[in-house]
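# Tertiary structure, described
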Amino acid sequence: MATRSVRAEEIERELESLLTRETFPPPEEFRRRALIRDDTPWREAQADPVAWWERQARALLDWSEPWQRALDDSNPPFYRWFVGGRLNACENALDRHVRAGRGDRVAFYWRGEEGEERQVTYAQLLHDAERLATVLRERGIGPGDVVGIYLPMIPEVVVAMLACSRIGAPHNVVFGGFSVEALRDRLHFSEAKALICVDGARRKGKTVAVKAAVDRILDELPSLGTVICVRHTGEGAPMRRGRDIWWHEALAGAGPTPPEPLDAEHPLFVLYTSGSTAKPKGVLHTTGGYLTGVAWTQRHVFDLHDDDVYWCTADVGWVTGHSYIVYGPLVCGATSVMYEGAPDYPDKDIWWEICERYGVTIFYTAPTAIRTCIKWGVEYPLRHDLSSLRLLGSVGEPINPKAWLWYWRVIGGGRCPIVDTWWQTETGHILISPLPGVTTLKPGSATRPLPGVDAAVVDDAGREVAPGEQGYLVLRRPWPGMLRTLYKDPDRFVETYFSRFGRETYFVGDAARLDEDGYFWVVGRVDDVVNVSGHRLSTAEVESAIVAHPKVAEAAVIGQADERTGQAICAFVTVEAGVEPDERLAEEIRQGVAERIGKLARPARIIWANELPKTRSGKIMRRLLRDIAEGRALGDVTTLRDPEVIAQLETKVRELQ
Ligand code: ATP
Ligand code: MG
């Protein structure tokens, strides 16, 4: 115990000194083995981006028919990629590896919440997917019919997605942590014909009945005629004859169905975004372009080698899970870890125990998770041998330098590059990110656009802004994995993404800055900009300055109407375990912000919070904080993780007024 705290103190001191270091070139040992070691792909893609993507599509995927035209851009923003080509996503993820004699390779080391383990091979996934495809077909599900999937992190969720893509039925995965009401809305919007769910789910030692809860909403979904139920907790489930079937019984009696060769533009899935800023949008992705972008980035951003053990801690219910737990790793033939449980059950070191146990080499998580780990303390990762790790990744929001450095030092042992990957549900795959064998890293920057990607930062008139100035992030060239539309709502698609700067420029909705080296600094969402006395400040930057205080764990900043300055900064702050917040701490925080950004950015109000309101994917819902601070009725809260947090904050804010 004593030695541990000495180590913890040493690390603290080291972190302080690291804060002054600005750049991190690829460690020589990493670079030597990296798949990409110089700027060749950027140069090649620059010369002819479409031809470059064509080469990647050919190299990374198996096609049953070649395309006639790589990109049809005759009707922007409705782009089509690999026109006339045919392929099947499931075949690319499973069949071809099994055909090549790699059926016994482990696809997933699955770890259950109570420590159970399953090794799932490519051959086993294929065996089940080709049978589930038959079951779906026999229930009348065909190409274009949407299938809802509402499953926890168990291998069956992968089988379910791939069985759908095998027969061309777009899946609509709904995060298992969502309520059945949120499920109902998403199934209703997408007109789902079938649903795949579980009898019950587990969470931190408790079980909850899922099928019984789902039954409450099924009567409101008349077009949904089939429910396939996986037996997971074994608690039994009410089954309605004619509509409901057990997964294991149906599969036992089914023969295999071959993969259907589908048009490159055939819909692969619909996925509703997390709702940090507005009502969830049904993002539609298609097959050929999406798989090309996902496979290229999986291989090269993560520098994936045959002997890697890869772990993305996201849930399959988010796009990160679709692209970088299911399609990316499987198309690349990777071996991954899949974990069912929570990061603090049975204890706060479970992630690190898993890394040690399976020899994880590539670890991909979100800044919010890293900040939570910081709050828990270094002693948890220190309990385990993390020397197998060689690459770390981050996704979901800007990572503040303090969290980046902690991740780099404490988890990566100072030897693992960090790929800070910027992308969205809509973009399908990573677009701005380091390539770890080439790019010199700057903590907090997603660095530069990947080959074939044309990103820029522009002002209101669409002109590029000077380095250092903040503007709107845009994408000026179509990329293969881009969303094709919002499901059954092409007008909202055009309006949301292609009206601000015209039909050929994708409006991202994020605010960003470029530095003198051409590095992108995504500072947050466009609506997360506060205007204090005419100065536009990004909430993320102020937050980063606040959390730089060693006693602060997390912060969320919003603009509040202010008579004098137009808007004033209001900060919701949570402190590290064991810290008692007081006025002195508030003053230190204000002082720190003044030093790092300027006096103007000092928070006018600091509200101490026990927790911040977050989406179920862990993103802070600033729009709800704005509603609270200004005493308005709350907007759409279906994606909110814990309604109790909001109630507490409302009380606090009312007390202050
Ligand atoms: P909604 O669009 O419904 O409000 P959302 O934007 O949170 O939800 P996602 O598509 O999951 O849903 O998130 C994409 C957004 O996350 C990006 O637009 C950006 O704001 C943020 N983001 C993701 N990765 C990064 C990153 N590496 N750096 C900075 N921001 C990031
Ligand atoms: Mg978004």
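No experiment lies behind these values; they were computed from the predicted model shown.

Criteria and thresholds
Residues numbered from 1 in each chain as written. Chains lettered and ligands numbered in written order. Predicted model: local features only at pLDDT ≥ 70, side-chain atom pairs only at ≥ 80, totals over all residues. Heavy atoms only, no water. Buried < 20%, exposed > 50% of the residue type's maximum accessible area, 1.4 Å probe, protein only. Helix = DSSP H or I, 4+ residues; strand = E, 2+ residues; numbered from the N terminus. Pairing = 2+ DSSP bridges. UniProt positions renumbered as here; feature names shortened; annotations may be inferred. Salt bridge = Lys/Arg side-chain N within 4 Å of Asp/Glu carboxyl O. Contact = heavy atoms within 4.5 Å. Axes fitted to C-alpha atoms, helices over the stretch in contact; angles between N-to-C directions. pLDDT = per-residue confidence, 0-100. Near = heavy atom within 4 Å. Polar contact = N/O pair within 3.5 Å; in protein donor to acceptor, adjacent residues only side chain to side chain. Areas by Shrake-Rupley, 256 points an atom, 1.4 Å probe, with all protein chains shown as cover. Nonpolar A, V, L, I, M, F, W, Y, C, P; charged D, E, K, R; others polar. Core = buried A, V, L, I, M, F, W, Y, C linked by side-chain atoms within 4.5 Å. Expected span 1.5 Å × (residues − 1).

The subject of this paragraph is the pairing of strand β14 (residues 267–272). A large share of β14 lies buried, amounting to five of its six residues. Sheet topology note: the β14/strand β15 (residues 282–286) ladder contains five bridges and is antiparallel. Opposite Phe269, over in β15, you have His285 as the bridge partner.

Let us look at the pairing of strand β11 (residues 226–230). A regular strand places its side chains so that they alternate between the two faces of the sheet. When you tally the buried positions in β11, you get five out of five residues, the bulk of the element. Because side chains alternate across β11, one face comprises the buried residues Thr226, Ile228 and Val230, and the other comprises Val227 and Cys229, equally buried. For β11 and strand β12 (residues 244–246), the ladder comprises three bridges, and the chain directions are parallel. When the sheet's bridge partners are listed, Val227 is paired in β12 with Asp244.

Further remarks concern the UniProt feature "domain: Acetyl-coenzyme A synthetase N-terminal" (unreviewed entry) in the protein chain. The UniProt feature table records "domain: Acetyl-coenzyme A synthetase N-terminal" (unreviewed entry) at residues 42–93. For the annotated span residues 42–93, helix accounts for 44% and strand for 19% of the residues, and the straight-line distance between the end C-alpha atoms is 27 Å.

Moving on, we get to the pattern of salt bridges. Taken as a whole and judged by the stated rule, the model has 51 salt bridges. A salt bridge links Arg184 to Asp185; its shortest N-O distance comes to 3.4 Å. Take Arg184: its relative accessible area is 22%, and that puts it in the partly exposed class. Looking at Asp185, the relative accessible area reads 23%, which means it is partly exposed. In this structure, Glu191 engages Lys488 in a salt bridge whose closest nitrogen and oxygen atoms are separated by 2.8 Å. Pair noted here: Glu191 is in the loop between α8 (180–189) and β8 (194–198) and Lys488 is in the loop between β23 (485–486) and α17 (490–497), with a separation of 297 residues, a long-range link.

So, on to the sheet that holds β11. Strand order in this open sheet of eight strands is β12-β11-β8-β6-β7-β14-β15-β23, and the pairing throughout is mixed. Where the open sheet ends on each side, the last strands, each with one partner, are β12 and β23. Sheet topology places strand β6 (residues 147–150) next to strand β7 (residues 171–173); three bridges connect them, and they run parallel. From the neighbouring strand, Ile149 faces β7, where its bridge partner is Val173. Along the sheet face, helix α9 (residues 211–218) touches β6, β8, β11 and β12 and points at about 155° away from the line of β8.

Here we take up the UniProt feature "domain: AMP-binding enzyme C-terminal" (unreviewed entry) in the protein chain. This chain's UniProt record puts "domain: AMP-binding enzyme C-terminal" (unreviewed entry) on residues 541–619. Taken end to end, residues 541–619 is 27% helix and 32% strand, and its two terminal C-alpha atoms sit 16 Å from one another.

Our next topic: the confidence of the model for the protein chain. Considering every residue of the protein chain, the mean pLDDT works out to 93; 98% of them sit at 70 or more. Interface confidence for the predicted complex, expressed as ipTM, amounts to 0.99; the pTM equals 0.89.

Omega for the peptide link from Pro76 to Pro77 comes to 5°, which places this bond in the cis form. Note that the residue after Tyr345, namely Pro346, is joined by a cis bond; omega there is -5°. By the secondary structure assignment, Pro346 is in the loop between β17 (335–339) and α13 (350–358). Non-glycine residue Lys204 carries a positive phi angle of around 50°. Mapping Lys204 onto the fold places it in the loop between β9 (200–203) and β10 (206–209). Lys204 sits in the partly exposed class, given a relative accessible area of 38%. At Lys488, a residue that is not glycine, the phi angle is positive and equals roughly 55°. Its relative accessible area of 55% is what places Lys488 among the exposed residues.

Now for the site of ligand 1. As a structural note, the neighbourhood of ligand 1 is formed by 20 residues, with Ser276, Thr277, Asp420, Thr425 and Lys619 the closest of them. Between ligand 1 and Arg525 there is a distance of 2.8 Å, counted from an oxygen atom to a side-chain nitrogen or oxygen. Protein chains bury 94% of the 640 Å² of accessible surface belonging to ligand 1 in isolation. Tallied by class, the residues present in the shell around ligand 1 amount to four nonpolar, nine polar and seven charged.

In this structure, Leu132, Leu162, Phe302, Tyr327 and Leu330 are the most contacted members of the largest nonpolar core, which totals 146 residues. For this core, the leading source of residues is helix α7 (residues 155–167), giving nine residues. Those residues in contact with Leu162 that lie beyond four places of it in its chain are Cys90, Ala93, Leu94, Ala129, Val326, Tyr327 and Leu330. Ile354, Val360, Val378 and Trp404 belong to the second-largest nonpolar core, a separate cluster that totals 39 residues.

With 13 residues, α7 should reach 18 Å at 1.5 Å per residue; the first-to-last C-alpha distance of 19 Å fits that figure. Judged by how many residues are buried, α7 sits mostly within the fold: 13 of 13 residues are covered. Within two residues after α7, Gly168 carries a phi angle of roughly 80°, on the positive side.

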